[in-house]
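Residues per chain are reported as follows:
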Amino acid sequence: MTTVAAAMLGAEPGTRLVSVAVMSPAPGPYLYRVPDEITVLPEMGARVLVPLGGQPQVEGLILEVFAGKAADTVLLTSGLRPEALRNLGMMLSGPKLPADLLGMARFIADYYLAPHGEALRLLLPPSEHAQLVERVRLTEAGLQLAKKVDSLLLPPEVADIDSMTIELLRVLGSRRSPLHFVSIERVLGADSLPSRPRPEYRARLHELRRQHLVEIHCDVRVGSREREPKPPSAEHAMPSAPTDLVLTDEQDAALTTLLGALANAEQATPRRSGYHGFLLHGVTGSGKTEVYLRLIAEARQLGQTALVLVPEIALTPQLSARFSSRFPGSVAVLHSALSPGERASAWRKILRGEVAIALGPRSAVFAPLPNLGVIIVDEEHDTSFKQHEGVHYHGRDVALWRAQQAGAVAVLGSATPSLEALELSRRGKLTRLVLSRRATGIALPRVEIIDLKQHVKAVDSALLTAPLLTALQTTLDAGEQAILLLNRRGYAPFLLCQSCGHRIECPSCSVTLTLHKSRHCLLCHYCDHREPVPDCCPLCQQKSILPLGIGTEKLHEQLALRFPEARIERLDRDTSGSLTRVLSAMHRHEIDVLIGTQMLAKGHDFPGVTLVGVVLADTGMGLPDFRAGERTFQLLSQVAGRAGRASRAGRVLIQTYNPEHPAVHCAAQHDYQSFAEAELEARHVLSYPPSVRLGLLRIDGEDPYKVEQLAQELAAILKSEVSTAGDGMSLLGPAEAPLSRLKGRSRWQLLLRAKTVRTLHRLLRLALAHKVPAGLRVHADVDPGSTL
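We now turn to the structure provided with this report. (Residues numbered from 1 in each chain as written. Predicted model: local features only at pLDDT ≥ 70, side-chain atom pairs only at ≥ 80, totals over all residues. Heavy atoms only, no water.)

1. Some words on the overall build of the chain
Phase 1 of the analysis: Across its full length, the chain carries 22 helices and 29 strands.
Phase 2 of the analysis: The buried share among the 788 residues of the chain stands at 53%.
Phase 3 of the analysis: Put simply, the chain shows about 34,700 Å² of open surface, and 52% of that area lies on carbon and sulfur atoms. (Helix = DSSP H or I, 4+ residues; strand = E, 2+ residues; numbered from the N terminus. Buried < 20%, exposed > 50% of the residue type's maximum accessible area, 1.4 Å probe, protein only. Areas by Shrake-Rupley, 256 points an atom, 1.4 Å probe, with all protein chains shown as cover.)

Laid out in structure tokens, this is it:
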């Protein structure tokens, strides 16, 4: 840049600029000037507070730093003058994030069409975000008032002051240091001021600030105090991984291939070119975890780190115990059930390089591991890897991208691979490794299908058919364990009035309220609305309310009546607080029958279980979602795999009203290949993934009419583009979402299909650029996990 050009823009010789992405839905990034008070040039990845709009302090991350000629070039390109830029605020003391994580946030923002700041928020656990602590201090005018509280000394505009304000000013003026809002309330209480609600204190203080009688300041706290997780008690202890296992021929062949890829990646130049992705397709009980452990052990020998993703917190205790016993002191567990201090401790240990293996569900993909050598995604098919709120990223796909950037070996493991992963292996993007037999040599369990249409009386007894009851009794008599799957929590899905037919629904969502008998309430499983169980129908006032259907709570009650001597436990989201205790007790054979939802179907290894009963296989079969059949097949296959994993053969009973359904039939035959072939063909004919790419546009708002109107407007814009876009582009909708109302907001949606993601992105961005009226929201979901 010439001196003349710099002078024209008013650039100073020492101009320093930073590009900052704020951790909010604002688009960004934004350019700020580094003030002279900050003597050391900030680094990329540093965390800061910056002014944004009317907000004096917003947390952000520095993406780029420009000094000297680079700053001049940025100013010249943007046409901005230095004085037009706002100054960078406070530098936060938290650790700076590595460049590879910043790149991952940029990829997520670009691919999933999310604000950059929202993608950056994903990189930090909640415990690491800056917390602004408001404190108040009197100005000079206020301090003068504190000497003698007299309304005559007040400025004219507040001469008509009330007793509460006078008391506030007196208390503030008597203290030399700033006071927190809570402290003010405590002092006022001690001074016998009549009790007032907290919001009223805050409103009055902010009014005094507007009148320049007080100042409100913010202290910043970054991160939570580190706290080591407590070691599990004997009651919660999980079995460790045996170290003397002999690999089967298939395990050994798969491991040899993986170790070869790891060695090649270590020698690759540049390192990024060493990436290799694998699909480890192993039947339930085939020993996939042992392959993971030995692959990671080799990576550790090479000085590399490893990331292990699991679909549910329910799997974390078991895998954590196995990994920790094999790699003592080298494993950090990250999940939302940890306290803020425990999570902060684990995250910072990873960042400091004190541990080399990070394990956890979806969000653990953002663990700040350096020198990544191995990324494992266990049960890659599971729907919980897709984030359904905020930024709609998919943990499995982000993990593959991260492995590509790091030049690491990525392994997707599953007994029932997603059709997307299977298609990637067919296209050569993943190398498929097959484990077709169980590691113990025991055959896969025998599966029997029970047609519920032939057992009408079972409806009155929590769907406990005679064959299932007989099998349970035989299992209990043999001193063995059983698992019963019912993917529906609560006591009954809804209450029905027998007089007028009224069903009690959630006032905020278009679903019925579920009866939870133990809590004595009706509960919405979407928005958590709850209300007491009514004595009579709220519509006709008749006392003819009847609970219909069955959930895990009712099944537990009925089983306890049938088998009073049996030790029966329940595991679902309502009992997840006792997760580790129940799983540990199951391993110690202190539970005879374990009832649960899909949490039970994922990766658990209970050697004593010889019987699995699927009480109702139809719960997800009829959902208006193109993946309903695939998910039913995966759930049935996975839960069937819990039976007979040790020395005794297993048995599985599947109860259903649709015994001829392909998902049921193929699961009973342990026939993944036939199901996948038929489903892939159907998806191709109907133009659904993996043969095409999907983008879902969802419009929501409180006013149903405005929501529909905006959906129609977006559809009109997109239809004109779709007609000329080519690339197999098509548009479905607009239409009400299957769940048409959620948390008080009406929902409409449009579904876009295209051969390539580039075309999909272009049209989704076009829709997102449309002006959205106040009170409405438009979300884009790239590769949606569900169309509900």
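2. Quick look at the sheet that holds strand β24 (residues 609-614)
Phase 1 of the analysis: A sheet is described by the order of its strands in space; here 6 strands give the open sequence β15-β25-β24-β16-β23-β22, paired in parallel fashion. With one partner strand each, in any of the chains shown, β15 (446-451) and β22 (568-571) form the two edges of the open sheet. Strand-to-strand twist of the sheet, defined as the mean angle between neighbouring strand axes without regard to direction, takes the value 20°.
Phase 2 of the analysis: Pairing geometry for β22 and strand β23 (residues 593-596), over 4 bridges, is parallel. Across the sheet, residue arginine 570 finds its bridge partner in β23, namely isoleucine 595.
Phase 3 of the analysis: Helix-sheet contacts for helix α16 (residues 552-562) involve β16 (481-485), β22 and β23, and the interaxial angle to β22 is about 175°. (Pairing = 2+ DSSP bridges. Axes fitted to C-alpha atoms, helices over the stretch in contact; angles between N-to-C directions. Contact = heavy atoms within 4.5 Å.)

3. Things to note about the packing of helix α18 (residues 628-640) against helix α20 (residues 672-686)
Phase 1 of the analysis: The geometry of α18 relative to α20 is characterised by a closest axis approach of 11 Å and an angle of 170° between their N-to-C directions. Classified by the angle their axes make, α18 and α20 are roughly antiparallel. Listed contacts from α20 to Gly629, Glu630 and Phe633 of α18 are Tyr672, Phe675, Glu679 and Arg683.
Phase 2 of the analysis: Here the contact of α18 with α20 is composed, by residue class, of 3 nonpolar, 1 polar and 3 charged. (Parallel < 35°, antiparallel > 145°, perpendicular 65-115°, else oblique. Nonpolar A, V, L, I, M, F, W, Y, C, P; charged D, E, K, R; others polar.)

4. Digging into the environment of leucine 718
Phase 1 of the analysis: Here leucine 718 is to be found in helix α21 (residues 704-725).
Phase 2 of the analysis: Considering only alpha carbons, one finds leucine 718 and alanine 767, 49 residues apart in sequence, at a separation of 7.3 Å.

5. Focus: the side chain of arginine 489
Phase 1 of the analysis: Structurally, the position occupied by arginine 489 is in the loop between β16 and β17 (494-497).
Phase 2 of the analysis: Residue classification places arginine 489 among the buried residues on the basis of a relative accessible area of 16%.
Phase 3 of the analysis: Within the structure, arginine 489 has its side chain in polar contact with the side chain of aspartate 574 (distance 2.5 Å).
Phase 4 of the analysis: Those residues in contact with arginine 489, other than ones at most four positions away along the chain, are Thr514, His516, Leu523, His525, Gly551, Thr552, Asp572, Arg573, Asp574 and Thr597. (Polar contact = N/O pair within 3.5 Å; in protein donor to acceptor, adjacent residues only side chain to side chain.)

6. Let's talk about the nonpolar core
Phase 1 of the analysis: Counting 74 residues, the largest nonpolar core has Ile108, Leu123, Leu307 and Leu752 as its most contacted members.
Phase 2 of the analysis: When sequence neighbours within four positions are dropped, the list of residues in contact with isoleucine 108 reads Leu113, Ala119, Leu122, Phe366, Val391, Tyr393 and Val398.
Phase 3 of the analysis: Ala585, Ile591, Ala640 and Ala676 belong to the second-largest nonpolar core, a separate cluster that totals 39 residues. (Core = buried A, V, L, I, M, F, W, Y, C linked by side-chain atoms within 4.5 Å.)

7. Topic: the side chain of arginine 16
Phase 1 of the analysis: Tracing the backbone through its elements, the reader meets arginine 16 in strand β1 (residues 16-22).
Phase 2 of the analysis: In this structure, arginine 16 is buried with no salt-bridge partner, the nearest side chain bearing the opposite charge being aspartate 36 at 4.7 Å.
Phase 3 of the analysis: Reaching out from arginine 16, the side chain makes a polar contact with the backbone oxygen of proline 35 at a distance of 2.9 Å.
Phase 4 of the analysis: At 2.7 Å, the side chain of arginine 16 forms a polar contact with the backbone oxygen of isoleucine 38. (Lys, Arg positive; Asp, Glu negative; His and termini not counted. Salt bridge = Lys/Arg side-chain N within 4 Å of Asp/Glu carboxyl O.)

8. Description of the sheet that holds strand β20 (residues 530-532)
Phase 1 of the analysis: With antiparallel pairing, the 3 strands of this open sheet are ordered in space as β18-β19-β20. The two strands at the open ends of the sheet, each matched to only one other strand, are β18 (514-516) and β20. Looking at each pair of strands side by side, their axes are set apart by 30° on average, direction ignored.
Phase 2 of the analysis: Judged from the 3 bridges that link them, β18 and strand β19 (residues 521-523) form a sheet pairing that is antiparallel. In the sheet register, histidine 516 faces β19, and the bridge partner there is cysteine 521.

9. As for the packing of aromatic side chains
We describe a pair of aromatic rings using the distance from one ring centre to the other and the angle between the two ring planes.
Phase 1 of the analysis: Using the criterion set out here, one finds 8 aromatic pairs in the structure.
Phase 2 of the analysis: Ring centres 4.6 Å apart and planes at 10° place the aromatic pair phenylalanine 107 and tryptophan 401 in the stacked group. Linking phenylalanine 107 in helix α3 (residues 99-111) with tryptophan 401 in helix α13 (residues 395-406), this pair joins segments that are 294 residues apart in sequence.
Phase 3 of the analysis: Taken together, the ring pairs in this structure connect Phe107, Tyr111, Tyr112 and Trp401 into an aromatic cluster.
Phase 4 of the analysis: Sitting over the face of the ring of phenylalanine 494, arginine 503 holds its NZ or CZ atom 5.4 Å from the ring centroid.
Phase 5 of the analysis: Seen from the ring of tyrosine 688, arginine 753 lies directly overhead, with NZ or CZ sitting 5.2 Å from the centre. (Phe/Tyr/Trp six-rings, centres within 6.5 Å; stacked < 30°, edge-to-face > 60°. Lys NZ or Arg CZ within 6 Å of the ring centre and 35° of its normal.)

10. Examining unusual backbone geometry
Phase 1 of the analysis: The amide bond that connects proline 689 to the next residue, proline 690, takes the cis arrangement and shows omega of 10°.
Phase 2 of the analysis: Within the element layout of this structure, proline 690 appears in the loop between α20 and β26 (693-701).
Phase 3 of the analysis: Put simply, glycine 733 and proline 734 share a cis peptide bond, and its omega is 15°.
Phase 4 of the analysis: One can find proline 734 in strand β27 (residues 730-742).
Phase 5 of the analysis: Positive phi, close to 60°, is recorded for histidine 520, a residue that is not glycine.
Phase 6 of the analysis: Tracing the sequence through the fold places histidine 520 in the loop between β18 and β19.
Phase 7 of the analysis: Even without being a glycine, aspartate 783 presents a positive backbone phi close to 55°.
Phase 8 of the analysis: As for its placement among the helices and strands, aspartate 783 is situated in the segment after β29 (776-782).

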